[in-house]
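# Observations on chain architecture
Listed below are the residues making up each chain.
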Amino acid sequence: MNTTFSAELLLPIDHASSVPLHVQLEREMRRAVRTGRLPADLPLPSTRALASNLGLSRGVVVECYEQLIAEGALWNSGTFIASA
């Protein structure tokens, strides 16, 4: 299944930081959801696409998506921002 992601998802990730990459990504995505920069029902890019865009491994993005789905911040059926 191909998903088109029209919005650019720019999240600051510091590759030199001692904070693990998946933690940085989770924090930045939570912040973007909380502030409304990522609105409810917005389809997110695939894990491969986001990993490529941010210079991360796919595993880091998968771990982040899984954590945010578990927290209820995302819902999975293509992965979307959850409604508040």
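Nothing here was measured: the structure is a model prediction, and the numbers come from that model.

### What about the overall build of the protein chain?
- Counting its secondary structure elements, the protein chain contains three helices and two strands.
- Residue burial in the protein chain is summarised as follows: out of 84 residues, 36% are buried.
- Restricting the contact set of the protein chain to residue pairs at least 6 apart, pairs at least 24 apart contribute 58%.
- Counting every atom, the protein chain has about 5,100 Å² of accessible surface; 51% of that belongs to carbon and sulfur.

### Thoughts on helix α2 (residues 47-54)
- Every buried residue of α2 is listed here: Thr47, Leu50, Ala51 and Leu54. Buried positions in α2, seen along its axis, are confined to an arc of 100° and lie on one side of it. Those residues of α2 that are exposed and aimed more than 90 degrees away from the buried face are Arg48, Ser52 and Asn53.
- Next to the buried residues of α2 lie α1 (21-34) and α3 (58-71).

### What to know about unusual backbone geometry
- Although it is not a glycine, Asp41 adopts a positive phi angle of roughly 70°.
- Structurally, Asp41 is set in the loop between α1 and α2.
- Under the relative-accessibility criterion, Asp41 is labelled partly exposed at 45%.

### What about the pattern of salt bridges?
- Following the criterion strictly, the structure yields three salt bridges and no others.
- Across the salt bridge formed by Arg30 and Glu26, the nearest N and O atoms sit 3.4 Å from each other. Taken as a pair, Arg30 and Glu26 lie in helix α1 at a separation of four residues, close to a single helical turn.
- Its salt-bridge partner being Glu71, residue Arg30 comes within 2.7 Å of it at the nearest N-O pair. Of this pair, Arg30 sits in helix α1 while Glu71 sits in helix α3, placing them 41 residues apart in sequence.
- Of the residues examined, Arg30 reaches a relative accessible area of 27% and is grouped as partly exposed.
- On the accessibility criterion, Glu71 (39% relative accessible area) is partly exposed.
- Among the ionic contacts, a cluster of salt bridges with common partners joins Glu26, Arg30 and Glu71.

### Points about the environment of Leu74
- Within the secondary structure, Leu74 sits in strand β1 (residues 74-75).
- Residue classification places Leu74 among the buried positions, given a relative accessible area of 3%.
- Put simply, Leu74 and Leu42 are 32 residues apart on the chain and 9.7 Å apart in space, counted from C-alpha to C-alpha.

Conventions adopted
Residues numbered from 1 in each chain as written. Predicted model: local features only at pLDDT ≥ 70, side-chain atom pairs only at ≥ 80, totals over all residues. Heavy atoms only, no water. Helix = DSSP H or I, 4+ residues; strand = E, 2+ residues; numbered from the N terminus. Buried < 20%, exposed > 50% of the residue type's maximum accessible area, 1.4 Å probe, protein only. Contact = heavy atoms within 4.5 Å. Areas by Shrake-Rupley, 256 points an atom, 1.4 Å probe, with all protein chains shown as cover. Arc of directions from axis to C-beta. Salt bridge = Lys/Arg side-chain N within 4 Å of Asp/Glu carboxyl O.

Shape is all these values report; function is a separate question.
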